[in-house]
Amino acid sequence: MEGADINETTGELTDGIGKGYSVCEIMWEYERRALRPVEFKWRDPRYFQFDRKSLTELRLAVDTNLDGEELPAAKFLIHKPRTKAGIPLRRGLARPAAWAILIQSFGLKDWAAFSEIYGVPLRVGRYHSSASAQDKRTLLRAVKAIANDAAAIIPQGMDIEFHKVEGSHGSAVFGELLDYVDRQVSKIVVGQTMTADDGSSLAQAEVHNDVRMDIKEADGKQLAGTYNRDLIIPYVNVNFGPQEVYPQVSFPVAEPEDIKALSSALGTLVPIGLRVSQREVREKLALSEPQEGEEILQPAAASAPDDVMHEDTKPAPKRKAKDEKDVEDQE
């Protein structure tokens, strides 16, 4: 599979999370005495349709058959994420999110109109009773010019008044609506709000992050199932024949480790006899195996200063002369 970009194909298959399904065509070629996938081409969902009876079997859309044609075996990677129960056409996250986008579009339009009306003070021009039609047009042009140029001239005897309009509640109405819609979209996509919006506490943010990790693990398992079903098994069957056990593709999700808690636990349990694999600890800490000849971090050797001596190494004190004389007298 050297010619196929698996990483790019994986990203294209995850497009099914939003649309309900995603399809990549497998381009096979015979090389090095084996039939190998050399390229994966993403195909537009408009080329496919579901059968009209069960609405679960994906088929090729053609003009000659309203129910579509059956897809050839070992030719497509078909990823249909199970974001919720029901037929695949209704599983896509883009379906409920479309309402949110529609509400946001109309909400922003209304907010812009609201700001245009209440963002500038209301201008009222007053003219005297004997003003001519020309005078009235001049006053109207002056009132309009104030909004754009902040300057105008009017004939003597006319005046312009500015009336303050209270429009501060616009942010409370439209802003709260848009924030509410954003939070709902966050719940649809990542299952929670605190990793996408502002959180209130560290503890709650950690709980919400666990929800996000659970969704990532579920997506990885479903994507691995698609590869195993539509790529690995056909590849093995074509080149080596049916097998009892097939290789498996997996997408493990690395969870963040609490290094401080792990170090504290190892420092307590290892000295009392707990046997722990260094390889497992390195994997948790994301540390590689040291190669031969590399410098290795080691604890500094504790050494006592030369001028300091322990009590058990001090020489015995000499006996005083008085004690020696007493011994001679006794003899």
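Nothing here was measured: the structure is a model prediction, and the numbers come from that model.

Colleague: Would you mind going over the environment of Thr 14 with me for this structure?
Modeller: Following the sequence through the fold, Thr 14 ends up in the loop between helix H1 (6-13) and helix H2 (16-19). Residues Thr 14 and Pro 81 lie 67 residues apart in sequence; the distance between their C-alpha atoms is 8.2 Å.

Colleague: Can you help me understand unusual backbone geometry in this one?
Modeller: Peptide bonds are trans in most cases, and residues, glycine excluded, mostly fall at negative phi. At Arg 32, a position not held by glycine, the phi torsion is positive, near 50 degrees. Along the chain, Arg 32 falls in the loop between strand E1 (22-31) and strand E2 (34-43). At Arg 33, a residue that is not glycine, the phi angle is positive and equals roughly 60 degrees. With respect to the secondary-structure elements, Arg 33 resides in the loop between E1 and E2.

Colleague: Looking at this structure, how should I read the sheet that holds strand E5 (residues 65-70)?
Modeller: Two pairing modes exist for strands in a sheet, parallel and antiparallel, and in both the strands are linked by backbone hydrogen bonds. Sheet architecture is open: 3 strands sit in the order E3-E4-E5, paired in antiparallel fashion. Of all the strands in the sheet, the pair left with one neighbour each is strand E3 (48-50) and E5. Strand-to-strand, the axes of this sheet are offset by a mean angle of 55 degrees, without reference to chain direction. Here E3 runs beside strand E4 (residues 58-62); their pairing, made up of 3 bridges, is antiparallel.

Calculation rules
- The residue numbering used here restarts from 1 in each chain and proceeds along that chain's sequence as written.
- For a predicted model such as this one, the threshold for reporting local features is a pLDDT of at least 70, and the threshold for listing and counting side-chain atom pairs is 80 or more; totals across whole chains, interfaces and linings nevertheless cover every residue.
- Think of the side-chain values as coming from all heavy atoms in the structure, minus any hydrogens and water.
- Secondary structure is summarised from DSSP: a helix means a run of H or I of at least four residues, a strand means a run of E of at least two, and numbering begins at the N terminus for each.
- Should DSSP find at least two bridges between two strands, the strands are regarded as paired.
- With axes taken as lines fitted to C-alpha atoms, and helix axes fitted only over the stretch in contact, angles between N-to-C directions fall between 0 and 180 degrees.

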